[in-house]
Amino acid sequence: MSAAESHILPVYSPPEQNFVRGEGCWIWDDKGDKYLDCIAGISVNALGHAPPVLVKALTEQAGKLWHTSNMFKVKGQEELAAKYTRDNFADVVFFTNSGTEAIEGSLKTARKYHTANGQPERVDIIGFQGSFHGRSYAAINASGNPSYLEGFGPKLPGYIQAPFGDLEELKKLVGPTTAAVIIEPVQGEGGVRAVTDEFLRGLRKLADETGFLIIFDEVQSGAGRTGKMWAHQWSGVTPDIMAVAKGVGGGFPMGAFMATKEAAKGMVVGVHGTTFGGNPLAMAVGNACYDELSKPEFLERVNVVANHLTQALESLKDRHPDLVVDIRGKGLLRGVKLTLNPKDIQGKLRARKVLVGVAGDNVLRLAPPLIITEEEIRQVVDAIDAVLTEQAVQAGA
Ligand SMILES: *Cc1c(COP(=O)(O)O)cnc(C)c1O
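Keep in mind that what you see is a predicted model, and the values were worked out from it rather than measured.

Trainee: Which residues make up the overall build of the chain, and what values go with them?
Mentor: Summing up its helical and strand segments, the chain has twelve helices and 17 strands in all. A compact globule built from 397 residues should have a C-alpha radius of gyration of about 21 Å, and the chain, at 21 Å, falls within 12% of that. With the C-alpha coordinates aligned to their principal axes, the bounding extent of the chain is approximately 70 × 55 × 50 Å. Out of the 397 residues in the chain, the part that is buried amounts to 52%. Considering only intrachain contacts with a sequence separation of at least 6, the fraction spanning at least 24 residues in the chain is 73%. Total accessible area on the chain stands at roughly 17,900 Å², and carbon and sulfur atoms take up 56% of it. Side chains of the chain give 41 positive and 46 negative charges; the mean places of these two sets differ by 2 Å.

Trainee: Tell me about unusual backbone geometry, residues and numbers included.
Mentor: Positive phi, normally seen in glycine, also occurs at Ser43, with a value near 65°. Mapped onto the fold, Ser43 is located in helix H1 (residues 40-43). Although it is not a glycine, Asp361 sits at a positive phi angle of roughly 65°. Looking at the element boundaries, Asp361 is found in the loop between strand E16 (357-359) and strand E17 (363-366). By relative accessible area, which is 38% here, Asp361 ends up partly exposed.

Trainee: Residue-level account of the packing of aromatic side chains, with values.
Mentor: By the definition in use, this model includes seven aromatic pairs. For the pair Phe94 and Phe257, a centre-to-centre distance of 5.1 Å together with 25° between the ring planes defines the contact as stacked. Residue Phe94 is found in strand E4 (residues 92-96), and its partner Phe257 is found in strand E12 (residues 255-259); the two are separated by 163 residues along the sequence. Judged by its relative accessible area of 21%, Phe94 is partly exposed. Taking the relative accessible area as the measure of exposure, Phe257 reaches 5% and is therefore buried. Measuring from ring centre to ring centre gives 5.8 Å for Phe128 and Phe199, while their planes differ by 80°; the resulting arrangement is edge-to-face.

Trainee: Before we move on, could you go through the site of the ligand and cite the residues and values that matter?
Mentor: The full set of residues close to the ligand is Ser98, Gly99, Thr100, Phe132, His133, Gly134, Glu184, Asp217, Val219, Gln220 and Lys246. In this structure, Gly99 approaches the ligand through a main-chain N or O atom, which is 2.8 Å from an oxygen atom. Between the ligand and the protein, one listed contact pairs an oxygen atom with a side-chain N or O atom of Gln220 at 2.7 Å. For the ligand, the accessible surface in isolation is 380 Å², of which the surrounding protein chains cover 83%. In terms of residue class, the shell around the ligand is built from two nonpolar, six polar and three charged.

Trainee: I'd like a rundown of helix H8 (residues 197-210), residues and numbers included.
Mentor: Here H8 contains 14 residues, and its C-alpha end-to-end distance of 20 Å stays within 8% of the 20 Å for a straight helix at 1.5 Å per residue. Here the buried face of H8 lies against strand E5 (124-128), helix H7 (167-173), strand E7 (178-183) and strand E10 (213-217). With its phi angle positive at about 90°, Gly211 sits one or two positions after the end of H8.

Trainee: Give a detailed account of the nonpolar core, specifying residues and quantitative values.
Mentor: Counting residues in each nonpolar core, the largest one holds 81 residues, and the members touching the most others are Tyr84, Leu170, Phe199, Leu203, Leu293, Leu349 and Leu364. Considering each element in turn, this core owes the most residues, nine residues, to helix H10 (residues 296-319). Residues from two domains meet in this core; each of domain 1 (3-50 + 298-396) and domain 2 (53-293) gives at least three. Residue contacts for Leu203: discarding those within four places in its chain leaves Leu167, Leu170, Val181, Ile183, Phe212, Ile214 and Phe216.

Trainee: I'd love a proper account of the domain arrangement of the chain, names of residues and values included.
Mentor: When its domains are assigned, the chain resolves into domain 1 (3-50 + 298-396) and domain 2 (53-293). Averaged C-alpha coordinates put domain 1 and domain 2 at centres separated by 26 Å. Counting from both sides, the interface comprises 28 residues of domain 1 and, opposite them, 28 residues of domain 2. Buried surface at the junction of domain 1 and domain 2, summed over both partners, amounts to about 2,300 Å²; 61% is from carbon and sulfur atoms. The three residues of domain 1 that bury the most area against domain 2 are Leu47, Lys330 and Leu333, which together make up 28% of that side's buried surface. For the pair domain 1 and domain 2, the interface holds one salt bridge. Linking Arg365 and Glu189 is a salt bridge whose minimum nitrogen-to-oxygen distance equals 2.9 Å. At the boundary of domain 1 with domain 2, the tally comes to eleven residue pairs in polar contact (both at pLDDT 80 or more). For the side of domain 1 that touches domain 2, the elements supplying multiple residues, two or more each, are H1, H10, strand E13 (324-330), strand E14 (333-338) and E17. With four residues, H10 is the single largest residue contributor to the side of domain 1 that touches domain 2.

About the criteria used
- Residues numbered from 1 in each chain as written.
- Predicted model: local features only at pLDDT ≥ 70, side-chain atom pairs only at ≥ 80, totals over all residues.
- Heavy atoms only, no water.
- Helix = DSSP H or I, 4+ residues; strand = E, 2+ residues; numbered from the N terminus.
- Rg over C-alpha atoms; globule rule 2.2 N^0.38 Å.
- Buried < 20%, exposed > 50% of the residue type's maximum accessible area, 1.4 Å probe, protein only.
- Contact = heavy atoms within 4.5 Å.
- Areas by Shrake-Rupley, 256 points an atom, 1.4 Å probe, with all protein chains shown as cover.
- Lys, Arg positive; Asp, Glu negative; His and termini not counted.
- Charge placed at Lys NZ, Arg CZ, Asp CG, Glu CD.
- Phe/Tyr/Trp six-rings, centres within 6.5 Å; stacked < 30°, edge-to-face > 60°.
- Near = heavy atom within 4 Å.
- Polar contact = N/O pair within 3.5 Å; in protein donor to acceptor, adjacent residues only side chain to side chain.
- Nonpolar A, V, L, I, M, F, W, Y, C, P; charged D, E, K, R; others polar.
- Expected span 1.5 Å × (residues − 1).
- Core = buried A, V, L, I, M, F, W, Y, C linked by side-chain atoms within 4.5 Å.
- Domains from an automatic or database assignment.
- Buried area = accessible area lost by both parts, 1.4 Å probe.
- Salt bridge = Lys/Arg side-chain N within 4 Å of Asp/Glu carboxyl O.

Right, dumping it as structure tokens:
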């Protein structure tokens, strides 16, 4: 079918391939061609494609009970919330269907906290330039990116943007009406930029001094992606509220927001809800996925392959100093900042049967399944090397 005949709302422009099957880090199209997947549905398929442990959890649950809504207790929610809160800063968890809903719930929790605290005037949300938090009205306003906002009516009041990673500039924007600061410990869409530990420590100090809450958006950076379960754990700084999604379901659509008991104190019976969030299917997969990710040897291995990837990308940069400006990100969420258009390079890699992503700021984005091997990493980096060499030869000719 040609693009003109498609009945899909044309907000994406996907390439021609129709992918029909996946296994580990590999996916096959309907012609039988095999591709090495180094983007994993945008940092989602943490355990690879069709991992047996998740297939088992999903199909077993599918034969028992799919959905009851949150009118009734869902046992899998209790189990998964207990695991998350056992291992991180949070005391309470709310399950969602997506990252955007996790962000929406996080922002609502922050504002409600201040109301419950007798400071209803504290409504302002400070986000960062280059951030991405999803596509709902709250999310696009928190990000402030003009290309997401334009044509969708007035910018909502109560959202402010600060320059990325600049504590002094942030201090100037914080005031008596500040409710929360929302930040991705590693910006995904914005160009795979990791904020420094020093910035996060300064942010925590500022929050404690002035009474605003910190929301970490770990939708992309979480679920083991950077070599710790949550990227902020590298810094030792904890948030008050955190939004997660993408990798936590390993490919099943689910997310969550979680908070300390104190930060969640405004979220009482009736103030928030969801029909599908945390349903038994999602919880069966979410539990099985977290059990895998939280095995100590799992993240140990992620760190070993991530170091291997870092070295391979650094030597790529050394070989192509005119084309590769910077290697960014953390763990298995990496950006290669190019002097060339990353979309062209992405297309050329696809022709070589390697799938990668792009991000803002001229960045080629790598976010493979966390189970990727050193050999597969070598294949990806070799393919990038070959494409860049081709470009250099053409430019020289
Ligand atoms: C993808 C993403 C979101 C939105 O998640 P959806 O599941 O697409 O709604 C929010 N924040 C970050 C950092 C993301 O990468």
